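Read off the chains here:
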Amino acid sequence: MTLFDACSHLHATLAAALCLSAGSVFAADTCGGAPRLDVSTPPGFCAAIIGQGFKFARGVQPMPDGSVLVVDLGGWQPNQGSVWRLAPGAAGYRKTVLMKKIDRPNGIVLGPDGMVYVGAIKRIFRFDPRDPDGTVKDVIGGNSGTPALPGIGRHPLTAMRFDAKGDLFVNVGSGSDHCEDREGKAPDANKPCAEASGPNALGVLRKYTMQWPAGSVKRWEVHATGLRNSMALAVHPVTHALWQGENSRDAIQAAMKGLKNDNDLPHDELNLIEAKANYGWPYCYDNNVASPEYPNAKCAAYRAPVRLLPAHSAPLGMTFYTGAMFPAQYKNSLIVGYHGYRAHGHRLVAFLPDAQGAPLGRSIELIGGWTAKPKQPAGAPVDVKQGPDGAIYLVEDRSGRVLRLQYAVPVPVPVPVPAPGTAAAGK
């Protein structure tokens with residue numbers, strides 16, 4: 001059987017990726033026909049560079065037609081952001097800009113209506129991916145009639161996810177690190193943190209109940225509180241529960257005598273989100289330990305994380321894996337990107353499901369060794385999504401690249417069978 005024949009018999013959802021990957025048998029520097037990222041992966045996996053040259057790539061959305069949409073923040077100055085399309089072709093992905101001058105866009109998701117939703121400063125808007133030059137409609141903020149997002153302080157960027165019912169969960173990040181004032185003065189331990197309180201609190205997740213097919217907001221509420229910055233959100237494919245990756249505070253050593261640095265404290269967190277629950281920011285950290293600024297906090301009243309993540313790993317994107325490309329053990333695992341610039345960052349990990357199906361099983365490093373190299377900076381992954389082909393797509397904002405993590409069982413290269421009677425056949 002020829003290589004072409006072997007590829008033609010593969011399962012339809014795997015054929016394109018696996019047949020392209022067969023090229024890696026002959027070219028160690030490629031992955032699925034694209035340049036291979038210089039990282040370590042488990043056997044059978046490789047990471048391909050399918051797009052680059054972005055200023056500050058932050059969001060990624062694989063599309064049903066095989067294209068990939070990319071959100072470029074552009075920088076921290078207003079109105080420098082853009083949305084791009086990477087369209088696959090014989091010579092690789094073709095890069096086309098769809099819209100420009102967006103105010104610090106970050107999140108991007110595909111809605112239940114097939115529209116693309118983009119989160120920018122103070123607003124979320126949508127557009128038809130089949131007609132990006134058509135009408136852009138504000139969904140939150142802008143001229144939508146729904147109040148704008150705060151978009152202020154230390155964590156102004158917008159991240160969001162639709163749940164199984166079509167309602168929209170939106171991160172409202174904290175304005176400060178640990179409720180210090182603008183001059184860096186520690187909060188009053190005897191008073192509640194003002195920014196974390198009230199109907200317009202920061203450091204929360206909001207739930208927007210949507211009306212379909214209109215794609216408009218019916219009402220909104222604060223869904224969960226005490227969450228410093230919920231950039232990584234994912235909905236479980238079976239239970240439909242919302243999971244959150246918490247980016248915990250910095251500079252805790254400044255308030256803890258004897259602690260030289262904060263390299264290993266506090267831990268970032270994996271939280272199972274429940275309505276009206278408070279997860280403790282800024283009063284408590286780790287497994288309900290009182291913050292040094294709030295030594296008398298009653299931490300037992302707050303919801304503890306279900307899993308501690310490495311300190312400053314900075315989970316900025318994650319998704320549950322439901323595809324057929326990866327080995328069976330990865331089914332319903334939670335794949336998380338660690339954006340952090342310190343020792344625990346710059347990697348992609350998978351949390352395998354436990355006996356109950358929660359992402360609390362063994363951790364496997366899918367992309368490691370992503371440190372600075374002569375021709376490649378250290379990785380800083382942000383958004384992580386699964387494509388319709390079963391591959392994982394991610395963007396990283398340090399080098400402005402778009403990556404595809406894929407798995408392919410190597411296609412055996414046929415060994416010529418010597419004709420009967422030859423010297424080789426007689427051995």
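Reading the values: rules and limits
- Residues numbered from 1 in each chain as written.
- Predicted model: local features only at pLDDT ≥ 70, side-chain atom pairs only at ≥ 80, totals over all residues.
- Heavy atoms only, no water.
- Salt bridge = Lys/Arg side-chain N within 4 Å of Asp/Glu carboxyl O.
- Helix = DSSP H or I, 4+ residues; strand = E, 2+ residues; numbered from the N terminus.
- Buried < 20%, exposed > 50% of the residue type's maximum accessible area, 1.4 Å probe, protein only.
- Core = buried A, V, L, I, M, F, W, Y, C linked by side-chain atoms within 4.5 Å.
- Phe/Tyr/Trp six-rings, centres within 6.5 Å; stacked < 30°, edge-to-face > 60°.
- Lys NZ or Arg CZ within 6 Å of the ring centre and 35° of its normal.
- Disulfide = S-S within 2.5 Å.

Right, let's talk about the pattern of salt bridges for a bit. Within this structure, the stated rule accounts for 15 salt bridges. Close ionic contact of arginine 154 with aspartate 250 constitutes a salt bridge, the shortest N to O distance being 3.1 Å. Of this pair, arginine 154 sits in the loop between β11 (137-140) and β12 (160-162) while aspartate 250 sits in the loop between β17 (242-246) and β18 (268-273), placing them 96 residues apart in sequence. A relative accessible area of 42% places arginine 154 in the partly exposed class. Put simply, lysine 385 and aspartate 383 hold a salt bridge, and the shortest N to O gap is 3.1 Å. Summarising the burial analysis for this pair, lysine 385 and aspartate 383 share the class buried.

Next up on the list: unusual backbone geometry. Here tryptophan 212 and proline 213 are connected by a cis peptide whose omega angle stands at 10°. With respect to the secondary-structure elements, proline 213 resides in the loop between β14 (204-211) and β15 (216-225). The linkage connecting tryptophan 281 with the following residue, proline 282, adopts the cis geometry, with an omega of 0°. Within the element layout of this structure, proline 282 appears in the loop between β18 and β19 (284-285). Here lysine 122, not a glycine, exhibits a phi torsion of approximately 70°, which is positive. Looking at the element boundaries, lysine 122 is found in the loop between β9 (116-120) and β10 (123-127). For histidine 346, which is not glycine, the phi torsion reads 45° and is therefore positive. Tracing the backbone through its elements, the reader meets histidine 346 in the loop between β23 (334-338) and β24 (347-351).

With that settled, consider the nonpolar core. Membership of the largest hydrophobic core comes to 47 residues, with the highest contact counts inside it found for Val70, Phe326, Tyr330, Ile335, Leu348, Ile392 and Leu405. If one sorts the elements of this core by residue count, strand β3 (residues 45-51) sits on top with six residues. Residues Val139, Val170, Met210 and Val222 belong to the second largest nonpolar core, which totals 19 residues.

What the rule picks out here adds up to 12 aromatic pairs. Ring geometry for tyrosine 283 and tyrosine 294: centres 4.8 Å apart, planes at 75°, overall edge-to-face. Residue tyrosine 283 is located in the loop between β18 and β19, and its partner tyrosine 294 is located in the loop between β20 (289-290) and β21 (307-309); the two are separated by 11 residues in the primary sequence. Through a chain of ring-to-ring contacts, the aromatic side chains of Phe45, Tyr321, Phe326, Tyr330 and Tyr407 assemble into a single cluster. It is lysine 95 that lies over the ring of phenylalanine 54; its NZ or CZ is 4.1 Å from the centre. Over the face of the ring belonging to tryptophan 84 we find lysine 95, whose NZ or CZ atom lies 4.9 Å from the ring centre.

This paragraph deals with the state of the cysteines. Within the structure shown, the criterion is met by three disulfides. In this model cysteine 31 forms its disulfide with cysteine 46; the gap between the sulfur atoms is 2.0 Å. Between cysteine 31 and cysteine 46, the disulfide has an S-S torsion of 75° and is therefore right-handed. Taken together, the positions of cysteine 31 in strand β1 (residues 30-31) and cysteine 46 in strand β3 put the pair 15 residues apart, joining distant regions of the chain. Of the two residues, cysteine 31 and cysteine 46, neither departs from the other in class, the shared state being buried. Taking only the cysteines that form disulfides and numbering them from first to last, the protein chain has the pattern 1-2, 3-4, 5-6.

None of the figures reported here should be taken as evidence of function without further support.
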